[in-house]
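Notes for the structure review
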Amino acid sequence: MKTRVSVLGAAWLVLAATTAMAADKPTDPQIAHIAYSAGVIDVDAAKLALSKTKNADVASFAQSMQKDHEAVNEMALALVKKLNVQPEDNPTSKALAKAAKDKRGELGKLSGAAFDKAYVANEVAFHKQVNDALATLLIPSAQNNELKGLLETGLKLFQGHQQHAEHVAAALK
Amino acid sequence: MTAVILDRRQVLGAGAALLMGGEAAAAHDGTVHVTMEKLVFLPAEIEVKAGQTIEWINKDPFAHTATVKGGWEVMIPPGKTATRAVAAGDTVEYYCRFHPNMKGRIKVSA
Ligand SMILES: [Cu+2]
């Protein structure tokens, strides 16, 4: 129960930051930074999970997260290079990084089944939060069509991840 | 060499899908192609005969699967292809285990 409350807490923090930004829409360099940061966060979480879990389903899920987010971030890097866009740090990226750091500290103290449950629950919450931001703010705000296209592919990918995480969570119960 | 073959498949697949209104993309050799691109199975529904081969062509940089709940699974690595020989009982719905929002259907006709 404690885990659940703190997961929601982290999600609210970032959503609040995202909502605060909605007044002035993020620019393409900021959007690129937010999307890339979200990917790095999930890769780091996957590496932590792979170093801790003994559950085959959780390990397989984490491997998939690491590979997919690395692949989509490579696409993002290639695109910003092509478009000559310099990703720009911003309050949403900072809030995401802060929430991820707190969550990492929390997960680091857990082990065994408690870790598995907390990691997978956070993966559901994190992907949901990123998907909401993509659908309601980042995709509508993107000016460049290629960036918009990559974000749309990202949304489909992360929606898949959210469902995958939900399946793994259900199997852990 | 491989690139040339893939290009040809791609053209055949796209052409057949257009001709048949996106239903079954059957090539002349009895192989039915399903492309996986941007997290979509295309075409999502195929009609095949037992003994034919289904070939999934993964154009994404992500690994996908064709998974039947409680049944078989075909793994298609990023940028690769994989096949399955159609069995009589293969009228199924399938999905990608890694991205369950990817869904497809196979109908086996007599
Ligand atoms: Cu997939």
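Residues numbered from 1 in each chain as written. Chains lettered and ligands numbered in written order. Predicted model: local features only at pLDDT ≥ 70, side-chain atom pairs only at ≥ 80, totals over all residues. Heavy atoms only, no water.

Within an unreviewed UniProt entry, the label attached to chain B reads Amicyanin, and the organism entered is Bosea thiooxidans.

The name that an unreviewed UniProt entry assigns to chain A is Putative membrane protein, with the source organism given as Bosea thiooxidans.

Here the focus is the interface of chain A and chain B. Contacts between chain A and chain B engage 15 residues on the former and eleven residues on the latter. Summed over both partners, the interface of chain A with chain B comes to about 1100 Å²; 64% of that surface belongs to carbon and sulfur atoms. Of all residues in chain A, A:Thr153, A:Lys156 and A:His164 give up the largest surface area on contact with chain B, accounting jointly for 35% of the area buried on that side. Here chain A and chain B share zero salt bridges between them. Listing elements by their share of the side of chain A that touches chain B, those giving two or more residues are helix H3 (56-83) and helix H6 (145-172) of chain A. Of the residues assigned to the side of chain A that touches chain B, the class counts are four nonpolar, nine polar and two charged. (Contact = heavy atoms within 4.5 Å. Buried area = accessible area lost by both parts, 1.4 Å probe. Salt bridge = Lys/Arg side-chain N within 4 Å of Asp/Glu carboxyl O. Helix = DSSP H or I, 4+ residues; strand = E, 2+ residues; numbered from the N terminus. Nonpolar A, V, L, I, M, F, W, Y, C, P; charged D, E, K, R; others polar.)

To continue, consider the side chain of A:His69. Residue and element names in this part refer to chain A. Relative to the elements of secondary structure, His69 occurs in helix H3. Exposure remark for His69: the relative accessible area of 2% places this residue in the buried category. One polar contact links His69 to His127, side chain to side chain, over a distance of 3.2 Å. A polar side-chain atom of His69 sits 3.2 Å from a polar atom in the side chain of His161. Contacts of His69, omitting those with residues within four sequence positions, involve Gly39, Asp42, Val43, His127, Phe158 and His161. (Buried < 20%, exposed > 50% of the residue type's maximum accessible area, 1.4 Å probe, protein only. Polar contact = N/O pair within 3.5 Å; in protein donor to acceptor, adjacent residues only side chain to side chain.)

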